Amino acid sequence: MPADRSAPTWPREFIWGVSTSSYQIEGGATDDGRGPSIWDVRCRLPGKVANGDTGAVACDHYHRHREDIELMRSLGVDAYRFSVAWPRVLPRGIGAPNPAGLAFYDRLIDDLLAAGIEPWLCLYHWDLPQALQDQGGWTSRDSAGWFADYAALACRRYGDRVRRWITFNEFSVFTLFGYAMDWQAPGQVDRRAHLQAIHHVNLAHGAAVDVIRSLVPGASIGAIHNRQRVLPRGDDDADRVAATTLDAFWNRTFPEAQLEAAYPSPVAEAIEPFVRAGDMARICRPIDWFGLNHYGPIFARAEPSALWGFAWADPPEATERTPIGWAIHPEMFRDELVELSRRFRLPVVVTENGSGGADIPAADGRVDDARRVDYLQAYTAAMHEAIAAGADVRGYFIWSLLDNFEWGAGYANRFGLFHVDFATLRRTPKSSARWYRELIAAARA
Ligand code: IFM
């Protein structure tokens, strides 16, 4: 049944939120005993991040979280998804915790609750402590235990106030880009390292689920996967094979291991030497909801010299795109929600959706991001259609609250509902912030 786009009604308990991550907004990179992460190190390597940008200051959220909570209040959101910076609370990744780092998240959580905004805490959004990288990082099987101990610390400290727990954000992105493509930290290109990282991250996820379950009574646990259709760039068999391989790494390897205890081909064959008896049962632990990050379809082409025989491809010329060139396809989002809901039989929460652009303020200071508003309107309408078609979608979080450090693109790609002037750190609502506030108000009315 097509949705009535003029006056959509949303489920009563539907959760509206915004998302961010620690390294992308916090700054304060050396403040109060925080240890270095793999991203602090990568940002210092020439040519790895556009303009030589770093997350050292970012949005300075570490010192301005109250102001940012006020921004959330102005939107009227129910929930805020953030990540804890592992090296802020455990500067060496293991061992002695950092009291000042732990206290920062106490303040954040307490202030969110006081503002009537539910904290959704993600344990890992890519800022591995460098001290653990020096011991092999995710290529070491010990990483599952390191992560479980870190999860236990967070649960004991915040479990009295936080009910929503997320183990990892976008497993496939940081493992593929970090171990097979050198697009992200730690910047390896190595099959063995990639496969080990995949398997150990999966083991770490399973171990953390058990830890959260045992330490936080009533916890609602999710894991966040990015899933989006992978399309062959060309109309030939080689590109079709490339798309199937990328699909296995991008969309299937993590959810299928975690929810069905099996790796898809061709990952299954390649990863077998690293899988020990009992591992798949350790990985496949019951969770409460599926976190979906979705932007638009992606494209693959055959590239025999690449690690797995595929390369990333730009969308064809005729494709409708965001200002940073990502394909726009709300119907595929709708279909993904419907399929996902059927396939894994878990409630789905859209934990990221949004659109990137340059967002240059006009002479009067206003930022009219009309193309982002169009994108968000189309995608939320598609989500509404998915719900009408039976998809069990419980919430929607926009990426992102603020313009922030967009990894290898530095500060050039902006995703925020609020513009950040990185010279003055001044926040300014964009048209999309007003649009989201109105959507939330109308959804509640
Ligand atoms: O900024 C990222 C985020 O860290 C993970 N998901 C995609 C966003 C936009 O690229």
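Definitions and limits used
- Residues numbered from 1 in each chain as written.
- Predicted model: local features only at pLDDT ≥ 70, side-chain atom pairs only at ≥ 80, totals over all residues.
- Heavy atoms only, no water.
- Phe/Tyr/Trp six-rings, centres within 6.5 Å; stacked < 30°, edge-to-face > 60°.
- Helix = DSSP H or I, 4+ residues; strand = E, 2+ residues; numbered from the N terminus.
- Buried < 20%, exposed > 50% of the residue type's maximum accessible area, 1.4 Å probe, protein only.
- Lys NZ or Arg CZ within 6 Å of the ring centre and 35° of its normal.
- Pairing = 2+ DSSP bridges.
- Axes fitted to C-alpha atoms, helices over the stretch in contact; angles between N-to-C directions.
- Near = heavy atom within 4 Å.
- Polar contact = N/O pair within 3.5 Å; in protein donor to acceptor, adjacent residues only side chain to side chain.
- Nonpolar A, V, L, I, M, F, W, Y, C, P; charged D, E, K, R; others polar.
- Contact = heavy atoms within 4.5 Å.
- Core = buried A, V, L, I, M, F, W, Y, C linked by side-chain atoms within 4.5 Å.
- Expected span 1.5 Å × (residues − 1).
- Right-handed = clockwise from strand over helix to strand, strands pointing away.
- Salt bridge = Lys/Arg side-chain N within 4 Å of Asp/Glu carboxyl O.

Colleague: Help me out: how do you make sense of the packing of aromatic side chains in this one?
Modeller: What characterises a pair of aromatic rings is the spacing of the ring centres plus the angle enclosed by the ring planes. Considering all chains together, one arrives at 50 aromatic pairs under this definition. Their ring planes at 85° and their centres at 6.4 Å tell us that Tyr 124 and Phe 147 sit as a pair that is edge-to-face. Taken together, the residues Tyr 124 in strand β3 (residues 118-124) and Phe 147 in helix α7 (residues 143-158) connect sequence positions 23 residues apart. As far as the burial class goes, Tyr 124 and Phe 147 line up, both buried. Measuring from ring centre to ring centre gives 6.3 Å for Phe 249 and Phe 310, while their planes differ by 50°; the resulting arrangement is tilted. Pair noted here: Phe 249 is in helix α10 (residues 237-260) and Phe 310 is in strand β9 (residues 310-313), with a separation of 61 residues, a long-range link. Sitting over the face of the ring of Tyr 62, Arg 88 holds its NZ or CZ atom 4.0 Å from the ring centroid.

Colleague: Whenever I open this one, the sheet that holds strand β8 (residues 298-302) confuses me. Can you help?
Modeller: Hydrogen bonds between backbone groups are what pair the strands of a sheet, and the pairing can be parallel or antiparallel. On the basis of which strands lie adjacent, the open sheet formed by three strands has the order β6-β8-β9 and mixed pairing. Edge strands, defined here as strands with exactly one partner in the open sheet, are β6 (230-232) and β9. Across the sheet, the axes of successive neighbouring strands diverge by a mean angle of 40°, strand direction being ignored. Pairing analysis gives four bridges linking β8 to β9, with the strands arranged antiparallel. Of the residues in β9, the one forming a bridge with Arg 301 is Ala 311.

Colleague: Could you clarify how one ought to interpret helix α8 (residues 171-179) in this entry?
Modeller: Residues spaced three or four apart along an α-helix face the same direction, because each turn holds 3.6 residues. Burial analysis of α8 places nine of its nine residues in the buried class, the great majority of the element. Those residues of α8 that sit buried are Phe 171, Ser 172, Val 173, Phe 174, Thr 175, Leu 176, Phe 177, Gly 178 and Tyr 179.

Colleague: Even after reading the chapter, I still don't get the site of the ligand, so can you show me in this structure?
Modeller: Within the structure, the ligand sits among Gln 24, His 125, Trp 126, Asn 169, Glu 170, Tyr 295, Trp 326, Glu 352, Trp 399, Glu 406, Trp 407 and Phe 415. Within the side chain of His 125, an N or O atom sits 2.8 Å from an oxygen atom of the ligand. Measuring from an oxygen atom of the ligand, one finds a side-chain N or O atom of Glu 406 at 2.4 Å. The residue inventory of the shell around the ligand, partitioned by class, reads six nonpolar, three polar and three charged.

Colleague: In this structure, what is going on with the side chain of Ser 140? I would like to understand it.
Modeller: Within the fold, Ser 140 resides in the loop between α6 (130-133) and α7. Only 3.1 Å separates the side chain of Ser 140 from the backbone nitrogen of Asp 142, close enough to count as a polar contact. Once residues within four sequence positions are removed from consideration, Ser 140 is found in contact with Gln 135, Trp 146 and His 200.

Colleague: Just to check I follow, could you spell out the nonpolar core for this structure?
Modeller: Looking at soluble globular proteins, one finds that nonpolar side chains tend to be buried together. Within the largest apolar cluster, 138 residues are counted, with the highest numbers of intra-cluster contacts made by Trp 138, Trp 165, Met 383 and Tyr 436. Counting residues per element, this core draws most heavily on helix α9 (residues 191-215), at 11 residues. Ala 79, Trp 120, Ile 166 and Ile 224 belong to the second largest nonpolar core, which has nine residues in total.

Colleague: Just to check I follow, could you spell out the environment of Leu 203 for this structure?
Modeller: Position of Leu 203 among the secondary structure elements: in helix α9. Put simply, Leu 203 and Val 241 are 38 residues apart on the chain and 28 Å apart in space, counted from C-alpha to C-alpha. Discounting residues that sit within four places of it in the chain, Leu 203 has contacts with Arg 141, Ala 144, Asp 279, Arg 282 and Ile 283.

Colleague: Just to check I follow, could you spell out α10 for this structure?
Modeller: For α10, spanning 24 residues, the distance from its first C-alpha to its last is only 29 Å, which falls clearly below the expected 34 Å at 1.5 Å a residue. At the N-terminal end of α10, a side-chain oxygen is found 3.2 Å from the backbone nitrogen of Ala 238, two or three residues along, and the residue is Asp 236. Following α10 by one or two positions, Ala 261 has its phi on the positive side, about 60°.

Colleague: How should the pairing of strand β10 (residues 348-352) be read in this particular structure?
Modeller: In regular strands, side chains alternate between the two faces of the sheet. Burial of β10 is extensive: five of the five residues sit out of reach of the surface. With respect to chirality, the unit in which β10 leads through helix α14 (residues 370-388) into the neighbouring parallel strand β11 (residues 393-399) is right-handed.

Colleague: What exactly am I supposed to notice about the sheet that holds strand β1 (residues 15-19) here?
Modeller: As summarised here, the arrangement of the eight strands in space is β1-β2-β3-β4-β5-β7-β10-β11, forming a closed barrel in which the pairing is parallel. Within the sheet, the average angular offset between the axes of one strand and its neighbour, ignoring direction, is 25°. Judged from the five bridges that link them, β1 and β11 form a sheet pairing that is parallel. If you follow Ser 19 over to β11, its bridge partner there is Trp 399.

Colleague: Can you help me understand the pattern of salt bridges in this one?
Modeller: Opposite charge on two side chains permits pairing when their charged atoms draw close. Enumeration over the complete set of coordinates arrives at 36 salt bridges. Between Arg 427 and Asp 68 there is a salt bridge, with the nearest N and O atoms lying 2.9 Å from each other. Of this pair, Arg 427 sits in strand β13 (residues 427-429) while Asp 68 sits in helix α3 (residues 61-75), placing them 359 residues apart in sequence. Residue classification places Arg 427 among the buried positions, given a relative accessible area of 8%. For Asp 68, a relative accessible area of 0% gives the class buried. A salt bridge links Glu 70 to Arg 73; its shortest N-O distance comes to 3.3 Å. Here Arg 73 and Glu 70 lie together in helix α3, a separation of three residues that amounts to about one turn. Owing to a relative accessible area of 44%, Glu 70 belongs among the partly exposed residues under this scheme. Note on Arg 73: relative accessible area 45%, which makes it partly exposed. Taken together, the shared-partner salt bridges in this structure form one network comprising Asp 359, Asp 369, Arg 372, Asp 403, Arg 414 and Lys 430.

Colleague: Can you help me understand unusual backbone geometry in this one?
Modeller: Most of the time, phi is negative for any residue but glycine, and the peptide bond is trans. In this chain, Ser 265 is followed by Pro 266 through a cis amide linkage whose omega measures 5°. In this fold, Pro 266 is placed in the loop between α10 and α11 (267-271). Along the chain, Trp 399 connects to Ser 400 via a cis peptide bond; the corresponding omega equals 15°. Structurally, Ser 400 is set in the loop between β11 and β12 (418-420). A positive phi angle, close to 45°, is found at Ala 58, a residue other than glycine. Mapped onto the elements, Ala 58 comes out in the loop between α2 (38-43) and α3. Exposure remark for Ala 58: the relative accessible area of 4% places this residue in the buried category. For Trp 126, which is not a glycine, the phi torsion comes out positive at approximately 85°. Along the chain, Trp 126 turns up in the loop between β3 and α6.

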